[in-house]
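Geometric and topological summary
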Amino acid sequence: MKLSYSIPGKIWWITNFLDYPMYKGIHDAIIKERKKINLQTSKGVWKDSLINNIEPPLRSEVSGYKPFEQLKTLVRHNPYFQIENMEKMTTIIHYMKKGAGINWHDDSSWKYGATYYINHKWHRHWGGEFMFTDNNGHGWIPPVGNSLVVVKSPIAHKVNPVLSPIMPRISVQIFMK
């Protein structure tokens, strides 16, 4: 586990977040079982402003799945930030095909949002970057497999549309309050 970037108190990008066997287990489960995962469009679930003029991501809320429960525990208790007095955590798989992304928003109804990247391989020409901006800084983070981006709300962020016609951008999204 390595802190690769941060805006103190706002954003943490942690690479090599899980040990390799746990990462591989989550990766393989999602990739091999993706046809069995009940992926649904985010259209009609999300505000229209999140997906105007882009393809809506596919998503599936997951609860009680042991590897994700372990992931949630590690997110909550990692050494770079601590979350106390947590009321709720959700786990959602996001599956973004070509053209899918998320417009600017700030997740203000949550205290934290965490994105765990699943893709083992990702090329910089495939899009799907996590973009952010606030008074303390702005930039982007690539969807690197086995890395975690944690954002303390509110901070404006978005996901650039995926450009790859063959490789979807796959992540596990965890929201906390």
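Residues numbered from 1 in each chain as written. Predicted model: local features only at pLDDT ≥ 70, side-chain atom pairs only at ≥ 80, totals over all residues. Heavy atoms only, no water.

The next thing to look at is the nonpolar core. Within the largest apolar cluster, 29 residues are counted, with the highest numbers of intra-cluster contacts made by Ile 30, Leu 71, Val 75, Tyr 116 and Met 176. Where this core is concerned, the elements lending two or more residues are strand E2 (11–15), helix H1 (20–32), helix H2 (66–76), strand E5 (89–96), strand E7 (112–117), strand E10 (148–152) and strand E12 (169–176). Not counting residues within four places of it along the chain, the set of residues in contact with Ile 30 comprises Ile 37, Phe 68, Ile 93, Ile 118, Ile 170 and Val 172. (Core = buried A, V, L, I, M, F, W, Y, C linked by side-chain atoms within 4.5 Å. Buried < 20%, exposed > 50% of the residue type's maximum accessible area, 1.4 Å probe, protein only. Helix = DSSP H or I, 4+ residues; strand = E, 2+ residues; numbered from the N terminus. Contact = heavy atoms within 4.5 Å.)

Glancing now at unusual backbone geometry. Across the junction of Ser 153 and Pro 154, the peptide omega takes the value -5°, indicating a cis bond. Its place among the elements puts Pro 154 in the loop between E10 and strand E11 (156–159). One non-glycine residue, Asn 16, adopts positive backbone phi at about 50°. Phi is positive for Asp 107, which is not a glycine, with a value near 50°. Within the secondary structure layout, Asp 107 lies in the loop between strand E6 (102–105) and E7. Residue class for Asp 107 comes out buried when judged on its relative accessible area of 19%.

With that settled, consider the packing of aromatic side chains. All chains considered together, the criterion is met by 9 aromatic pairs. With a centroid separation of 6.4 Å and 80° between ring planes, the pair formed by Tyr 23 and Tyr 116 is classed as edge-to-face. Highlighted residues: Tyr 23 in helix H1 and Tyr 116 in strand E7, separated in sequence by 93 residues. A residue is classified by how much of its surface remains accessible, and Tyr 116, at 0% relative accessible area, is buried. (Phe/Tyr/Trp six-rings, centres within 6.5 Å; stacked < 30°, edge-to-face > 60°.)

For the rest of this paragraph, the subject is the packing of H1 against H2. Two numbers describe how H1 lies on H2: the axes approach to 10 Å, and their chain directions differ by 135°. Between H1 and H2, the interaxial angle falls into the category oblique. Two packed elements cross with a definite hand, and for H1 against H2 that hand is left-handed. For the pair H1 and H2, the contacting residues are Met 22, Ile 26 and Ile 30 in the first and Pro 67, Phe 68, Gln 70, Leu 71 and Leu 74 in the second. (Axes fitted to C-alpha atoms, helices over the stretch in contact; angles between N-to-C directions. Parallel < 35°, antiparallel > 145°, perpendicular 65-115°, else oblique. Left-handed = near helix turned anticlockwise from the far one by under 90°.)

Here we take up the pattern of salt bridges. Counted by the stated rule, this structure contains 2 salt bridges. Residue Lys 24 is joined to Asp 28 by a salt bridge in which the shortest nitrogen-to-oxygen separation is 2.8 Å. Residue Lys 24 and its partner Asp 28 are both found in helix H1; the two are separated by 4 residues, about one turn of the helix. The partly exposed category is assigned to Lys 24, whose relative accessible area is 35%. Here Glu 69 makes a salt bridge to Lys 72, at a shortest N to O gap of 3.4 Å. Linking Glu 69 with Lys 72, this pair stays in helix H2, spanning 3 residues, or about one helical turn. Judged by relative accessible area, which is 11%, Lys 72 ranks as buried. (Salt bridge = Lys/Arg side-chain N within 4 Å of Asp/Glu carboxyl O.)

Spatial strand order, E1-E2-E10-E7-E12-E5-E4-E3: 8 strands in an open sheet with antiparallel pairing. Strands with a single pairing partner mark the edges of an open sheet, and in this sheet they are strand E1 (2–7) and strand E3 (40–41). Examined bridge by bridge, strand E4 (residues 58–61) and E5 share 4 bridges and lie antiparallel to one another. Across the sheet, the residue bridging to Arg 59 is His 94, located in E5. Packed on one face of the sheet, H1 meets E5, E7 and E12 and runs near 110° to E12. (Pairing = 2+ DSSP bridges.)

Attention now moves to the environment of Tyr 95. When you line up the elements, Tyr 95 lands in strand E5. On the basis of relative accessibility, which here comes to 11%, the residue Tyr 95 falls in the buried class. Sequence separation of Tyr 95 and Ile 170 is 75 residues, and the distance between their C-alpha atoms is 4.7 Å. Every residue in contact with Tyr 95, bar those within four places of it in the chain, is listed here: Arg 34, Leu 39, Pro 57, Leu 58, Pro 168, Arg 169 and Ile 170.

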